[in-house]
Amino acid sequence: MGNCYSDPSDGLDIDNLDCEMSDMLKRKMNSINFKNDVKVRTNQEILSGYNIIKPLGSGLFSKVYLATDQNGKKFAVKIVKKQDFQVSETIQKIILEKEILKLVEHPNILKLYRSVQSDSRIYFFLEYASKGNILQLLNIKGRLDANEVRVVSAQIIEAILYIHSKGIIYGDLKAENVLIASNGLIKLCDFNLSGTKSILSDKMQGTICYISPEIIKEKKRTRMSDFWALGVLVHLMFYRRYPFRFNNQTDLFYNIINCNIEPEKNEVKAPSSLRRFIGDLLCREVNKRLGKSLDDFINHPFFAGFNWNGYKRDPESFKFAEKIPESENVDSKSDSKTNSDIDDFINIKMTPTTRPIYNIEGFTYDSGAKDLMGNSEHKVSTKEDLETSEANTT
């Protein structure tokens with residue numbers, strides 16, 4: 001039952017893929033030029049065909065807004081201020097994220113439609129997942145039951161194995177980066193800590209509650225580190241708390257390396273197969289951790305009888321998302337912004353700085369024949385485009 005689902009990494013030489021992908025991404029990064037004479041569109045020109053509805057979230061270097069085009073199609077627009085490029089590593093992460101999003105196409109990964117820049121901003125036009133993220137879901141439901149955890153986990157597993165089949169480590173799996181589409185499908189987002197094993201730096205990076213013991217000890221991320229993070233997330237979804245108690249980062253890292261998972265509380269008891277699933281993901285011995293292939297999960301007791309081929313077609317699989325309101329319908333004081341209010345972030349004059357802010361040659365990307373306005377006849381002119389001929393390549 002469901003054992004014929006194909007593993008995207010089956011038969012692939014993952015180590016060789018890592019080398020090939022690393023070489024390709026390094027070539028992309030090395031070919032990027034920073035110039036102050038690259039012609040770019042203004043912020044107003046880039047957004048002229050869109051209505052910015054409301055903010056959806058923010059990160060260290062970016063803000064994300066819900067926008068609609070003239071046909072009413074919805075997008076998530078991620079905007080990064082160039083002035084926040086403190087070091088070259090930040091720029092490389094942005095370039096890497098764009099290149100990786102261009103390469104991956106999977107129903108459980110947020111799609112990049114387009115990347116474009118102005119003199120002061122970088123824009124990513126992304127697929128819109130209207131029901132928020134797993135953390136917001138937990139705030140609404142309290143916790144997920146075992147069947148709901150199984151459906152969400154299966155989609156994350158499929159997405160991660162697909163990412164690994166491209167020679168890429170995801171690197172930042174957490175509740176906030178697991179989005180929910182209007183139909184209940186899970187969508188992984190935010191690839192700014194992603195890369196290949198040889199490209200990723202030896203700096204400890206990631207969200208501390210999800211960091212694996214090998215990262216703490218060796219400061220090196222591997223594909224199996226993604227599945228440790230899945231174990232943390234599964235524990236959080238079912239118990240609504242993290243698997244290791246801590247008062248500060250030092251406590252947490254010590255407990256991750258040395259201590260057992262927190263014992264269950266009487267009011268919430270997991271089925272034994274789920275408890276085992278969490279333990280097999282949170283295994284400190286990397287070689288014994290679940291995640292080497294899809295078979296690890298197909299044959300695990302937690303997925304006994306699970307229909308890997310048909311669960312996404314079964315409406316019962318996604319009932320957990322039915323009562324989640326669409327993000328655009330959630331009203332709050334912080335969300336009640338007009339386009340002119342949001343313009344403050346987009347159009348605000350940059351503070352005087354001695355550091356030059358360059359335009360990135362070869363940054364433009366458009367994912368398909370149709371532009372974001374849904375018009376297959378429309379062609380971006382030289383004035384409108386960043387680097388005329390790069391629309392579907394670089």
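Let me begin by describing the structure that accompanies this report. (Residues numbered from 1 in each chain as written. Predicted model: local features only at pLDDT ≥ 70, side-chain atom pairs only at ≥ 80, totals over all residues. Heavy atoms only, no water.)

### Describing the pairing of strand S5 (residues 112-117)
Consideration 1: Most of S5 sits inside the fold, with 6 of its 6 residues counted as buried.
Consideration 2: Across 5 bridges, the pairing between S5 and strand S6 (residues 121-126) is antiparallel. Bridge pairing in S6 places Gln 117 opposite Ile 122.
Consideration 3: If you look at the hairpin formed by S5 and S6, you'll find 3 residues sitting between the two strands.
Consideration 4: In terms of strand pairing, S5 meets strand S10 (residues 365-366) through 2 bridges, oriented antiparallel. In the sheet register, Ser 115 faces S10, and the bridge partner there is Tyr 365. (Buried < 20%, exposed > 50% of the residue type's maximum accessible area, 1.4 Å probe, protein only. Helix = DSSP H or I, 4+ residues; strand = E, 2+ residues; numbered from the N terminus. Pairing = 2+ DSSP bridges.)

### Focus on the packing of aromatic side chains
Consideration 1: Under the counting rule described, the total for this entry stands at 18 aromatic pairs.
Consideration 2: A centroid spacing of 5.6 Å and a plane angle of 90 degrees characterise the contact between Phe 75 and Tyr 113, whose relative ring orientation is edge-to-face. Of this pair, Phe 75 sits in strand S4 (residues 74-81) while Tyr 113 sits in strand S5, and the two are 38 residues apart along the sequence. Each member of the pair Phe 75 and Tyr 113 is classed as buried. (Phe/Tyr/Trp six-rings, centres within 6.5 Å; stacked < 30°, edge-to-face > 60°.)

### Looking at the pattern of salt bridges
Consideration 1: Scanning the model with the defined rule gives 15 salt bridges in all.
Consideration 2: Linking Glu 262 and Arg 245 is a salt bridge whose minimum nitrogen-to-oxygen distance equals 2.9 Å. Placement of the pair is Glu 262 in the loop between helix H8 (249-258) and helix H9 (272-281) and Arg 245 in the loop between helix H7 (223-239) and H8, with a sequence separation of 17 residues.
Consideration 3: You can call Arg 245 exposed: its relative accessible area is 58%.
Consideration 4: Among the salt bridges present, the one from Lys 288 reaches Glu 285, with a minimum N-O distance of 3.5 Å.
Consideration 5: Look at the salt bridges and you will find they share partners, linking Lys 98, Glu 99 and Lys 102 into a network. (Salt bridge = Lys/Arg side-chain N within 4 Å of Asp/Glu carboxyl O.)

### Notes on the packing of helix H5 (residues 146-165) against H7
Consideration 1: Contact geometry of H5 with H7 gives a least axis separation of 11 Å together with a crossing angle of 165 degrees. The angle between the axes of H5 and H7 places the two elements in the roughly antiparallel class. Between H5 and H7 lies a crossing whose hand is right-handed. Counted together, Ala 146, Val 149, Val 152, Ser 153, Ile 156, Ile 157, Ile 160, Leu 161 and His 164 of H5 and Arg 223, Asp 226, Phe 227, Leu 230, Leu 233, Val 234, Met 237 and Phe 238 of H7 form the full contact between these two elements.
Consideration 2: Among the residues making up the contact of H5 with H7, the classes are represented as 13 nonpolar, 2 polar and 2 charged. (Axes fitted to C-alpha atoms, helices over the stretch in contact; angles between N-to-C directions. Parallel < 35°, antiparallel > 145°, perpendicular 65-115°, else oblique. Left-handed = near helix turned anticlockwise from the far one by under 90°. Contact = heavy atoms within 4.5 Å. Nonpolar A, V, L, I, M, F, W, Y, C, P; charged D, E, K, R; others polar.)

### Notes on unusual backbone geometry
Consideration 1: In this model, Asp 190 sits at a positive phi of 65 degrees, which is unusual for a non-glycine residue.
Consideration 2: Note on placement: Asp 190 falls in the loop between strand S8 (186-188) and helix H6 (213-218).
Consideration 3: Its relative accessible area of 24% is what places Asp 190 among the partly exposed residues.
Consideration 4: Located in the positive-phi region is Arg 240, a residue other than glycine, with phi close to 60 degrees.
Consideration 5: Looking at where Arg 240 falls in the secondary structure, it is placed in the loop between H7 and H8.

### Quick word on empty space enclosed by the protein
Consideration 1: Counted by the stated rule, this structure contains 1 cavity of 30 Å³ or more.
Consideration 2: The computed volume of the largest cavity comes to approximately 120 Å³.
Consideration 3: Per-element tally for the lining of the largest cavity: the top contributor is H7, with 3 residues.
Consideration 4: Residues that form the lining of the largest cavity fall into these classes: 5 nonpolar, 6 polar and 3 charged. (1 Å grid on protein atoms, 1.4 Å probe; cavity = no way out; pocket = protein on both sides within 12 Å on 5 of 7 lines; lining within 4 Å. Points joined across faces, edges and corners; volume = space filled by probe spheres on them.)

### Digging into the sheet that holds S4
Through backbone hydrogen bonds, the strands of a sheet pair up, either in parallel or in antiparallel fashion.
Consideration 1: Judged by pairing direction, the sheet is antiparallel, and its 6 strands sit side by side in the order S2-S3-S4-S6-S5-S10 without closing on themselves. Edge strands, defined here as strands with exactly one partner in the open sheet, are strand S2 (51-58) and S10.

### Quick look at the environment of Leu 101
Consideration 1: With respect to the element layout, Leu 101 can be found in helix H3 (residues 88-103).
Consideration 2: Looking at Leu 101, the relative accessible area reads 7%, which means it is buried.
Consideration 3: Separated by 11 residues in sequence, Leu 101 and Leu 112 have C-alpha atoms that sit 6.0 Å apart.
Consideration 4: With residues up to four places along the chain from it excluded, the contact list for Leu 101 reads Leu 110, Leu 112, Leu 126 and Phe 191.

### A closer look at the environment of Phe 246
Consideration 1: Take Phe 246: it is sitting in the loop between H7 and H8.
Consideration 2: The spatial distance from the C-alpha of Phe 246 to the C-alpha of Cys 209 is 9.5 Å, given a sequence separation of 37 residues.
Consideration 3: Those residues in contact with Phe 246 that lie beyond four places of it in its chain are Cys 209, Asp 251, Leu 252 and Asn 255.

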